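Architecture at a glance
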Amino acid sequence: MTEYLTIRTAPNRAAGVGEALRSARLAGGQARALGLFAPQIGASVNTIFAIVSGASEALGQAGDEIAVMADVATVDRQPVEPASERNLDLLEDSPAMFTNRWFHVRSDRAADFEAATIPVWDGFETDTKCKVIGLWHAPPQDGVTRYLLVAKYDDLAAWSASRYFNLAPGSRKPEWAESFARRRDYMTDTSVIATRCLGGSA
């Protein structure tokens, strides 16, 4: 099982919490943070985001352990299930930019959203300076299914250049650009933050 954690810290203590999480052996090694993310744009600097994997009981224990770490204020846990885990090995300490993006998708079009996303990643990665880490989804709520996409870019300029709506006017649109434009009809909202990956836990 997998959870996406939002860990809020005391003011100006996120760096220390991140280091503590990197060395933590969560739930006696039965749970692990696959990726730890420190926000750069779009979220409070007093926050660490984490993708944590393990059995249900271990995830609960891991959440409790994180909650009592020094300088941790609150821990919000969001269960998610993988739609496609692609490049988890790239979740390492890196100066690159890792986006954490949420897509709010009409639940009756969730299958269409996945079909317009996952199959075109090969072309997207070839044409852009991007590596898709993975796509996860939260349980449906009020007719909306939220999807979390984590992707790695060299920098903000590389992310901007990869936007389908930023392609040069008159240029041929690749399959992925047309597919990404089409999936907008399946969505009710989307938001993104830019982060630096700190690696994972022990």
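Residues numbered from 1 in each chain as written. Predicted model: local features only at pLDDT ≥ 70, side-chain atom pairs only at ≥ 80, totals over all residues. Heavy atoms only, no water.

Within the protein chain one finds 6 helices and 8 strands. When the helices and strands of the protein chain are listed from N to C terminus, the series reads β-α-β-β-α-β-β-α-α-β-β-α-α-β. For 202 residues, the compact-globule formula gives about 17 Å, and the C-alpha radius of gyration of the protein chain, at 17 Å, lands near that figure. Taken along its principal axes, the extent of the C-alpha atoms in the protein chain is 55 × 35 × 25 Å. Counting the 202 residues in the protein chain, one finds 49% classified as buried. Positive and negative charge centroids in the protein chain, built from 21 and 25 side chains respectively, lie 5 Å apart. (Helix = DSSP H or I, 4+ residues; strand = E, 2+ residues; numbered from the N terminus. Rg over C-alpha atoms; globule rule 2.2 N^0.38 Å. Buried < 20%, exposed > 50% of the residue type's maximum accessible area, 1.4 Å probe, protein only. Lys, Arg positive; Asp, Glu negative; His and termini not counted. Charge placed at Lys NZ, Arg CZ, Asp CG, Glu CD.)

What follows covers the pattern of salt bridges. For the structure shown, the criterion picks out 10 salt bridges. Close ionic contact of E19 with R22 constitutes a salt bridge, the shortest N to O distance being 3.7 Å. Taken together, the positions of E19 and R22, both in helix α1 (residues 14-23) and 3 residues apart, correspond to about one turn of that helix. Under the relative-accessibility criterion, E19 is labelled partly exposed at 48%. A relative accessible area of 30% places R22 in the partly exposed class. As a salt-bridge pair, E125 and K131 come within 4.0 Å of each other at their nearest N and O atoms. Relative accessible area serves as the criterion here: at 40%, K131 is assigned to the partly exposed category. Via salt bridges that share partners, E19, R22, D93 and R196 belong to a single interconnected network. (Salt bridge = Lys/Arg side-chain N within 4 Å of Asp/Glu carboxyl O.)

Moving on to the packing of aromatic side chains. The description of two aromatic rings rests on the distance between their centres and on the angle between their planes. Considering all chains together, one arrives at 8 aromatic pairs under this definition. Measuring from centroid to centroid gives 5.2 Å for F103 and F113, while their planes differ by 55 degrees, and the two rings are tilted. Of the two residues, F103 sits in strand β5 (residues 97-106) while F113 sits in helix α3 (residues 110-115), which places them 10 residues apart along the sequence. Accessibility classification places F103 together with F113 in one group, the buried group. Centre to centre, the rings of F113 and Y147 are 4.9 Å apart; their planes meet at 40 degrees, and the pair counts as tilted. Taken together, the residues F113 in helix α3 and Y147 in strand β7 (residues 144-153) connect sequence positions 34 residues apart. Note on F113: relative accessible area 0%, which makes it buried. Among the aromatic residues, those joined into a cluster by ring pairs are Y4, F49 and W102. Looking at R146, its charged tip hangs above the ring of W102, at a distance of 4.4 Å from the centre. Seen from the ring of F180, R183 lies directly overhead, with NZ or CZ sitting 4.0 Å from the centre. (Phe/Tyr/Trp six-rings, centres within 6.5 Å; stacked < 30°, edge-to-face > 60°. Lys NZ or Arg CZ within 6 Å of the ring centre and 35° of its normal.)

Before going further, it helps to spend a moment on the pairing of strand β3 (residues 47-54). Counting buried positions along β3 yields 7 of 8 residues, so the element is predominantly enclosed. Here strand β1 (residues 2-9) runs beside β3; their pairing, made up of 7 bridges, is antiparallel. Opposite R8, over in β3, you have T47 as the bridge partner. With 6 bridges connecting them, strand β2 (residues 31-41) and β3 associate as antiparallel partners. Looking at the pairing, A33 lines up with V52 of β3. Connecting β2 to the next strand, β3, in antiparallel fashion are 5 residues, including G42 with a positive phi near 100 degrees. (Pairing = 2+ DSSP bridges.)

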